[in-house]
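Working through the structure, step by step
Chain by chain, the residues:
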Amino acid sequence: MFSRYFKRRKEVTPHPAPEPVLGRYLLTADLKQKLHARGVETAHGPGAMWIPEESVYEAPCSVKWMDLHGYLRMGCFSYGVTGYFNNIDVGRYTSIGEEVQMGRGDHSINWLSTTPSFYLHEKLFDVGQSFTGAAEYDAYRPNTEGSQGFVMGSRIMIENDVWIGHRAYIRQGVRIGTGAIIGAYAVVTRDVPPYAVMVGNPARAVRYRFPEPLITRLLASRWWTLAPWQLTGIDVSRPEVSIDALERRVAESEPFVPTTFALADLL
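This text gives an overview of the structure that appears in the document.

**Quick notes on the pattern of salt bridges**
Per the stated rule, a full pass over the model turns up 12 salt bridges. Residue Asp67 pairs with Arg24 through a salt bridge whose shortest N-O separation is 3.7 Å. Of the two residues, Asp67 is situated in strand β6 (residues 67-74) and Arg24 in strand β1 (residues 24-26); the sequence distance between them amounts to 43 residues. Using a relative accessible area of 35% as the deciding quantity, one classes Asp67 as partly exposed. Residues Arg217 and Glu247 are paired through a salt bridge, measuring 2.7 Å at the closest nitrogen-oxygen approach. One end of the pair, Arg217, is in helix α3 (residues 212-221); the other, Glu247, is in helix α4 (residues 239-252), and 30 residues separate them in sequence. By relative accessible area, Arg217 is classed as partly exposed at 31%.

Spelled out as structure tokens, the structure:
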């Protein structure tokens, strides 16, 4: 259904380098075509998506309808569908569902007020001048000399083979271990161990995907350093049966080296 976005243009004309707005670039038809050619899928049409200036991609991967803010690194064979994403590092073979919220900014809770008006050091609202106090509003800067500064958010680290379900909420600064599952609507406020299945608010581990000995071997194998086609012939549906073959295959294979590029390489 998205093939209409990828039709070859009859004439190729030079495009001036776009200017970033708040650290993000608007997705143009030209930029969408370049992403697609390099192995990055987006379901947004031109003009409907902003891409962080600080973004890096391992191909192939997909950002579908994601609303991207701040830093992004997307590993190969990973995708996200929809939601808010700010300051995240995504490993390989990771699946992110719909309406997921990751890296929403905190508010200061120890200052006089939790309002961003006191820590942004810029206008909170983009408004005109025809209201009482407009000039004072434009000129106001809060006195925060006694603080060490307010940090909007730290990076979320998502390792490999992670599945994040519908409408999950991931707090900034969290690390989600390889193989973990985050259930739908889960609220994750702490680091998640590898292969844990997390549900609830706050999220808690209700079980692990595999027995501990198998988890240890899967982590040690680093199977995600291979591409899917390098696992041909191995029964991926029964890791408890195929672990020996998987370990041998990884030991005998060269790691897959994906095409990796930054957004700046396309501008």
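**Some thoughts on the pairing of strand β4 (residues 55-58)**
Neither face of β4 is exposed, since Ser55 and Tyr57 on one face and Val56 and Glu58 on the opposite face are all buried. With three bridges joining them, β4 and β6 adopt parallel strand pairing. Paired with Val56 across the strands is Arg73, a residue of β6. In terms of strand pairing, β4 meets strand β19 (residues 260-262) through three bridges, oriented antiparallel. Counterpart to Tyr57 in the pairing with β19 is Phe261.

**So, unusual backbone geometry**
Of the consecutive residues Ala59 and Pro60, the connecting peptide bond is found in the cis state with omega at 0 degrees. Looking at the element boundaries, Pro60 is found in the loop between β4 and β5 (61-64). Looking along the chain, the bond that leaves Asn201 and enters Pro202 is cis, with omega of -5 degrees. Note on placement: Pro202 falls in the loop between β17 (196-199) and β18 (204-208). The phi dihedral of Asn87 is positive, around 60 degrees, even though this residue is not glycine. Relative to the helices and strands, Asn87 is located in strand β8 (residues 83-90). The exposure class assigned to Asn87 is buried, which follows from its relative accessible area of 13%. If you check the backbone angles, Tyr195 has positive phi at about 65 degrees while not being a glycine. For Tyr195, the location among the structural elements is in the loop between β16 (187-188) and β17.

**Side note on α4**
The terminal C-alpha atoms of α4 lie 18 Å apart, and with 14 residues this matches the ideal 20 Å at 1.5 Å per residue to within 8%. Maximum bend of α4: about 35 degrees, positioned at Ala245. For α4, the full list of buried residues reads Pro239, Ser242, Ile243, Leu246 and Val250. Here the buried face of α4 lies against α3.

What counts as what
Residues numbered from 1 in each chain as written. Predicted model: local features only at pLDDT ≥ 70, side-chain atom pairs only at ≥ 80, totals over all residues. Heavy atoms only, no water. Salt bridge = Lys/Arg side-chain N within 4 Å of Asp/Glu carboxyl O. Helix = DSSP H or I, 4+ residues; strand = E, 2+ residues; numbered from the N terminus. Buried < 20%, exposed > 50% of the residue type's maximum accessible area, 1.4 Å probe, protein only. Pairing = 2+ DSSP bridges. Expected span 1.5 Å × (residues − 1). Bend = angle between axes of the 7 residues up to and from the residue. Contact = heavy atoms within 4.5 Å.

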